[in-house]
Amino acid sequence: MGRIFVTRGLPGDALSDLADRHEVVINETDEPVGHERLLEEAKRSDALIVLLSDPVDEAVVRSGVKCIATFAVGYDNIDIDAARRHGVAVCNTPDVLTDATADLAFGLLLSAARRIPESEVFLREGKFDGWAPSLFLGMPVAGRVLGVVGAGRIGRAMMMRGRGFGMDVRYCDEGAMPDEEAVAARKQDLDSLLAESDFVSLHVPLTPTTRHMIDARRLALMKQTAVLVNTARGPVVDEAALAEALESGRLFSAGLDVFEEEPKIHPKLMELSNVVMTPHTGSATVTARGRMAELCCGAVDTVLSGGVPPNSVVPP
Ligand code: DGY
């Protein structure tokens, strides 16, 4: 039995099941918990379940908690080095959101290529006055090059979708891809991948190396007819440079689920019709979010019972 502080209510029954065995305290507001309260709660708790939007710095890490589970696969909001130094377990939610996130990435790709949201607004505004040969011309998908940056689980799921749509799939990754045969993709370095792709989809974690990986120089390498999709982390792209490239027509369009200063969106992006945006909903399916909650609760329960969860980023 331990005290677990949860920074926001989670979908499904996992938290109420956890409350059968532990004292579970949930921030019941719809507001982010804030650093001061997080630190105060951490000092009184054995474990924390946090969101990707909760910054977990060294002060929180060394507050005395044994485990921090994050309701996300990405853990760039947590000071992982501090967790290692202070022997605090960190757990995340891999696998269960792979398909959901790849589906949204491919949905953004199709939406941005075929201008679906823009043409829907046109129709709803009553502007559709008859079929026209050049109405909302977009970019074709089949036969075009899909460049996937980052060949982890979600990147590989995106490659499978690209193959299903008849695309020529390429990828860029530091490591070797285990099932290269299965997705039949060709490995390229980042700059040539950007230059040769018709669609570029980002699937790398946010690290000091990937921050602004797609900057003005790299955007300038891309084809003028290309589409950029980002469902990874906002700061992987220099958002001001992207807005500039989209505004000037240097890039055809973009599909974005993540933003550099979430939930703030670059004002220029808000004005452009050639960008499709969703509010960081990559993993937002009933199934994925329910399973993410189960993974977080299971991890905390396992650590507090002296075990090692399979989904440990930093094992206890
Ligand atoms: C993650 O898990 O890192 C995603 O961004 C959440 O949707």
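Refer to the structure above for everything that follows.
What comes next concerns the included structure.

**Quick look at the site of the ligand**
1) Next: Taken together, the residues surrounding the ligand are Leu-52, Ala-72, Val-73, Gly-74, Leu-97, Arg-233, His-280, Ser-283 and Arg-289.
2) Next: Here an oxygen atom of the ligand and a backbone polar atom of Val-73 are 2.6 Å apart.
3) Next: Within the contact set of the ligand, an oxygen atom lies 2.9 Å away from a backbone nitrogen or oxygen of Gly-74.
4) Next: Here the ligand loses 93% of its free accessible area of 230 Å² to cover by the protein chains.

**Details of the sheet that holds strand 2 (residues 23–26)**
1) Next: Strand order in the open sheet made by the six strands is 2-1-3-4-5-13, with mixed pairing throughout. Strand pairing shows two members of the sheet lacking a second neighbour, strand 2 and strand 13 (312–314), which therefore form its edges. Across the sheet, the mean angle from the axis of one strand to that of its neighbour is 20°, orientation sign disregarded.
2) Next: Across four bridges, strand 3 (residues 47–50) lies against strand 4 (residues 67–70) in parallel orientation. Counterpart to Val-50 in the pairing with strand 4 is Thr-70.
3) Next: Strand contacts of helix 2 (residues 35–43): strand 1 (3–6), strand 2 and strand 3, with the helix running at about 165° to strand 1, the strand carrying the most contacts.

**So, unusual backbone geometry**
1) Next: Here the residue pair Glu-262 and Pro-263 is connected by a cis peptide bond, since its omega of 5° sits within 30 degrees of zero.
2) Next: Structurally, Pro-263 can be placed in the loop between strand 11 (253–256) and helix 12 (267–271).
3) Next: You will see that Arg-115, though not glycine, has its phi angle at about 55°, which is positive.
4) Next: Inspection of the secondary structure puts Arg-115 in the loop between helix 5 (98–114) and helix 6 (116–124).
5) Next: We classify Arg-115 as partly exposed; its relative accessible area is 21%.
6) Next: Residues other than glycine seldom take positive phi values, yet His-280 does so here, at roughly 50°.
7) Next: With respect to the secondary-structure elements, His-280 resides in the loop between strand 12 (275–277) and helix 13 (286–304).

The rules behind the values
Residues numbered from 1 in each chain as written. Predicted model: local features only at pLDDT ≥ 70, side-chain atom pairs only at ≥ 80, totals over all residues. Heavy atoms only, no water. Near = heavy atom within 4 Å. Polar contact = N/O pair within 3.5 Å; in protein donor to acceptor, adjacent residues only side chain to side chain. Areas by Shrake-Rupley, 256 points an atom, 1.4 Å probe, with all protein chains shown as cover. Pairing = 2+ DSSP bridges. Helix = DSSP H or I, 4+ residues; strand = E, 2+ residues; numbered from the N terminus. Axes fitted to C-alpha atoms, helices over the stretch in contact; angles between N-to-C directions. Contact = heavy atoms within 4.5 Å. Buried < 20%, exposed > 50% of the residue type's maximum accessible area, 1.4 Å probe, protein only.

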